[in-house]
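# Coordinate analysis (summary)
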Amino acid sequence: METVGYFAGILTTIAFVPQVIQIYKTKSAKDISLAMFLLFTLGVTFWLVYGISTKAVPVIAANAITLMLSLLILFFKYKYRKSM
């Protein structure tokens, strides 16, 4: 089952890579919901804490990387915002 955990973690984590690349290429994150990504990032943070507390390596690995990607998307959301 640990292999299933790693596989699930890899798939759900790499799912964010195309979004990061798209935002970087277009220099636009206007279609990204700030509220959704803030809630998502908070959830991933709690999953990471849970993984650390239970010593679940697949949960730790997947959520640590996903947290970095999510924070990068939030950074891009801030960096590429339009001045009003």
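The structure this text deals with has already been given above.
Quick look at the structure, then. (Residues numbered from 1 in each chain as written. Predicted model: local features only at pLDDT ≥ 70, side-chain atom pairs only at ≥ 80, totals over all residues. Heavy atoms only, no water.)

## Some points on the overall build of the chain
- Counting its regular elements, the chain contains four helices and zero strands.
- N-terminal to C-terminal, the α/β element order of the chain is α-α-α-α.
- Each principal axis of the C-alpha atoms in the chain carries an extent, and together these give about 50 × 20 × 15 Å.
- Relative to its full complement of 84 residues, the chain shows a buried share of 29%. (Helix = DSSP H or I, 4+ residues; strand = E, 2+ residues; numbered from the N terminus. Buried < 20%, exposed > 50% of the residue type's maximum accessible area, 1.4 Å probe, protein only.)

## Some remarks on unusual backbone geometry
- For Lys27, which is not glycine, the phi dihedral falls at a positive 55°.
- Of note, Lys55 is a non-glycine position whose phi angle comes to about 60°, a positive value.
- For Lys55, the position within the fold is in the loop between helix H3 (34-54) and helix H4 (57-79).
- Note on Lys55: relative accessible area 69%, which makes it exposed.

## Section: the nonpolar core
- The biggest cluster of nonpolar side chains holds 11 residues, and these are Phe16, Val20, Ile23, Ala29, Ile32, Phe37, Leu69, Ile73, Leu74, Phe76 and Tyr80.
- At the level of secondary structure, the elements contributing two or more residues to this core comprise helix H2 (17-26) and H4.
- If you tally residues by element for this core, the top one is H4, at four residues.
- If we ignore the near neighbours within four places in the chain, the residues touching Leu69 are Thr13, Phe16, Val17 and Val20. (Core = buried A, V, L, I, M, F, W, Y, C linked by side-chain atoms within 4.5 Å. Contact = heavy atoms within 4.5 Å.)

## Remarks on the side chain of Thr66
- By secondary structure assignment, the location of Thr66 is in helix H4.
- Of note is the side chain of Thr66, whose polar atom sits 2.7 Å from the backbone oxygen of Ala62.
- Sequence-distant contacts of Thr66, defined by excluding residues within four places in its chain, comprise Thr13, Phe16, Phe40 and Val44. (Polar contact = N/O pair within 3.5 Å; in protein donor to acceptor, adjacent residues only side chain to side chain.)

Interpretation in functional terms is not warranted from these geometric data alone.
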